[in-house]
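Working through the structure, step by step
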Amino acid sequence: MRLVHFSVQGNHIHLLIETTDNEALARGMQGLSIRIAKALNRVMRRRGRVFADHYHSRVLRTPTEAAWALAYVLRNFAHHAKAWREEVADGEADPFSSAARGGADPPPVCEPRTWLLTAGWRRGVRPEGRARAA
């Protein structure tokens, strides 16, 4: 399992992950959840469960799905900010995401290996309704 991009929201986390199959995803998510829970418990000086026993996943199959998912993960904080009537500039990066690492195309946490997340997403129709130049 490779974590490509992430965004930490108030009560959930969005992840863009590559895996080889469902078993790799399940094992990877279990390990990641344990690691994050231990770190959060240490910071908050508490013990116990942090995450629910489930997660929602969606397999991305097309460049457009990948482009939309990437935009969703990296820009979802703006949607939440609007609900709280906070202003977010168009190019502003989410400080609690992998987008905070800078640039128009922020570097991934871990370099993707699949065509869909290395180059394919650039061919997809993005949420703004236009294709991205390759």
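Preceding block: the structure.
All values reported here derive from a predicted model rather than from experimental measurement. (Residues numbered from 1 in each chain as written. Predicted model: local features only at pLDDT ≥ 70, side-chain atom pairs only at ≥ 80, totals over all residues. Heavy atoms only, no water.)

1. Comments concerning the nonpolar core
What counts is decided by this rule: Only buried Ala, Val, Leu, Ile, Met, Phe, Trp, Tyr and Cys residues count toward a nonpolar core, and they belong to the same one when joined by side-chain atoms within 4.5 Å. For each residue, the accessible area found with a 1.4 Å probe, counting protein chains only, is set against the maximum for its type, and the residue is called buried under 20%, exposed over 50%, and partly exposed in between. A run of H or I in DSSP counts as a helix once it spans at least four residues, and a run of E counts as a strand once it spans at least two, with each numbered from the N terminus. Note on contacts: a residue pair is in contact if any heavy atoms of the two residues lie within 4.5 Å.
Membership of the largest hydrophobic core is limited to 11 residues, which are V4, L16, A66, A69, L70, V73, L74, A99, L116, L117 and W121. Put simply, the parts of the chain that give this core at least two residues each are helix 2 (63–83) and helix 3 (115–118). Looking at which element gives the most residues to this core, the answer is helix 2, with 5 residues. When near neighbours in sequence (up to four residues on either side) are disregarded, A66 contacts L60, L116, L117 and W121.

2. Some details on unusual backbone geometry
Located in the positive-phi region is R45, a residue other than glycine, with phi close to 50°. Turning to its location among the elements, R45 is positioned in the loop between helix 1 (22–44) and helix 2.

3. Things to note about helix 2
Formally: Between the first and last residue of a helix there are one fewer steps than residues, each counted as 1.5 Å, and that sum is the expected span. Bend at a given residue is defined as the angle between two axes, one fitted to the seven residues that end at that position and one fitted to the seven that begin there.
The end-to-end C-alpha distance of helix 2, which contains 21 residues, comes to 29 Å, matching closely the 30 Å that a straight helix rising 1.5 Å per residue would cover. The largest bend along helix 2 reaches roughly 55° and is located at R75. A66, A67, A69, L70, V73, L74, N76, F77, A78 and A81 are the residues of helix 2 that are buried. Along its buried surface, helix 2 packs onto strand 1 (2–8), strand 2 (13–18) and helix 3. Immediately downstream of helix 2, the backbone of R85 shows phi near 60°, a positive value.

4. Notes on the pattern of salt bridges
Selection rule: In what follows, salt bridge is the name for a side-chain nitrogen of Lys or Arg lying within 4 Å of a carboxyl oxygen of Asp or Glu.
Within the structure shown, the criterion is met by 3 salt bridges. As a salt-bridge pair, E18 and R2 come within 2.9 Å of each other at their nearest N and O atoms. Note that E18 is positioned in strand 2 and R2 in strand 1, a separation of 16 residues in sequence. Of the two residues, E18 and R2, both sit in the buried class. Between E65 and R58 there is a salt bridge, and its shortest N-O distance comes to 3.2 Å. Judged by its relative accessible area of 25%, E65 is partly exposed.

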